[in-house]
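The primary structure of each chain is shown beneath.
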Amino acid sequence: VCVCVWGRGGIRARQVILVLVSLSLPEILELSNAFTIGGVVLILGATLRLRYSHPDVPRPYSIPVSNSVLWVMFAPCFAISCFVISSLSLRTISVCVGLVGSAVMTRMALVEAKAQGWGPMTGPVEDRGGSP
């Protein structure tokens, strides 16, 4: 049995492609902005969290300001991020939620499969001894 990309998991990939193809250029730009802003918010949040939770861990880089100055520096970024997110269309938000949800569910399924003893396929399908 040959497992191909368009098998069970491929249905989700086809749905994502069909949704993305149906978007107009402004919606594609909104989608790009939404994921970029999401990444920025996660990075800024992680920076602030690590500043408070692990302040003494040596790092190969440092931002040479106090925590309060860092909050002041990040405040405009958070404000602009909130503005951009609030100006997204409902369709863009639903596509973002769908894509992120799909990725999270796929990751959870892979973690569960690994916990059940599934390993990566390291050779061709023919070498596994399965029936054609």
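The rules behind each value
Residues numbered from 1 in each chain as written. Predicted model: local features only at pLDDT ≥ 70, side-chain atom pairs only at ≥ 80, totals over all residues. Heavy atoms only, no water. Helix = DSSP H or I, 4+ residues; strand = E, 2+ residues; numbered from the N terminus. Buried < 20%, exposed > 50% of the residue type's maximum accessible area, 1.4 Å probe, protein only. Contact = heavy atoms within 4.5 Å. Areas by Shrake-Rupley, 256 points an atom, 1.4 Å probe, with all protein chains shown as cover. 1 Å grid on protein atoms, 1.4 Å probe; cavity = no way out; pocket = protein on both sides within 12 Å on 5 of 7 lines; lining within 4 Å. Points joined across faces, edges and corners; volume = space filled by probe spheres on them. Nonpolar A, V, L, I, M, F, W, Y, C, P; charged D, E, K, R; others polar. pLDDT = per-residue confidence, 0-100. Salt bridge = Lys/Arg side-chain N within 4 Å of Asp/Glu carboxyl O. Core = buried A, V, L, I, M, F, W, Y, C linked by side-chain atoms within 4.5 Å. Axes fitted to C-alpha atoms, helices over the stretch in contact; angles between N-to-C directions. Parallel < 35°, antiparallel > 145°, perpendicular 65-115°, else oblique. Left-handed = near helix turned anticlockwise from the far one by under 90°.

## What about the overall build of the protein?
Piece 1. When helices and strands are counted, the protein shows four helices and zero strands.
Piece 2. Order of helices (α) and strands (β) in the protein, N terminus to C terminus: α-α-α-α.
Piece 3. Sorting the 132 residues of the protein into buried and exposed places 13% on the buried side.
Piece 4. Residue pairs in contact within the protein that sit at least 24 positions apart in sequence constitute 61% of those at least 6 positions apart.
Piece 5. Carbon and sulfur atoms make up 71% of the accessible area of the protein, which amounts to about 10300 Å² in all.

## Points about the layout of surface pockets
Piece 1. Reported here for the second largest pocket is a volume of approximately 260 Å³.
Piece 2. In terms of lining, the second largest pocket is formed by Thr47, Leu50, Arg51, His54, Pro55, Val57, Arg59, Tyr61, Ser62 and Ile63.
Piece 3. Among the residues forming the lining of the second largest pocket, the class breakdown is five nonpolar, three polar and two charged.

## Brief notes about the confidence of the model for the protein
Piece 1. When pLDDT is averaged along the protein, the result is 80; 80% of the residues meet or exceed 70.
Piece 2. No element of the protein has a lower mean pLDDT than helix H1 (residues 8–21), which averages 69, and none a higher one than helix H3 (residues 67–86), which averages 92.
Piece 3. Across residues 1–7, confidence stays below pLDDT 50; counting only partners more than four residues off in sequence or on other chains, it has seven contacts.

## Thoughts on the pattern of salt bridges
Piece 1. Counting across every chain of the model gives one salt bridge.
Piece 2. Its salt-bridge partner being Arg91, residue Glu27 comes within 3.7 Å of it at the nearest N-O pair. Highlighted residues: Glu27 in helix H2 (residues 25–53) and Arg91 in helix H4 (residues 90–115), separated in sequence by 64 residues.

## Points about the environment of Val41
Piece 1. Its place among the elements puts Val41 in helix H2.
Piece 2. Judged by its relative accessible area of 28%, Val41 falls in the partly exposed class.
Piece 3. When the C-alpha positions of Val41 and Phe74 are compared, they lie 9.6 Å apart, and in sequence the two are 33 residues distant.
Piece 4. When neighbours within four sequence positions are excluded, Val41 is seen to be in contact with Phe78 and Ser81.

## Side note on the nonpolar core
Piece 1. Among the nonpolar cores identified, the biggest contains six residues, and these are Leu23, Leu31, Ala34, Leu88, Val95 and Cys96.
Piece 2. For this core, the secondary structure elements donating two or more residues are H2 and H4.
Piece 3. Once residues lying within four places of it in the same chain are set aside, the contact partners of Leu88 are Glu30, Ala34 and Ile93.

## Comments concerning the packing of H2 against H4
Piece 1. H4 packs onto H2 with a crossing angle of 55° between their chain directions and a minimal axis gap of 10 Å. Judged by the inter-axis angle, H2 sits oblique to H4. Note that H2 runs across H4; the crossing there is right-handed. Note on element contacts: H4 touches H2 through Arg91, Thr92, Val95, Cys96, Leu99 and Val100, opposite Glu27, Glu30, Leu31, Ala34 and Phe35.
Piece 2. Class assignment of the residues belonging to the contact of H2 with H4 gives a composition of seven nonpolar, one polar and three charged.

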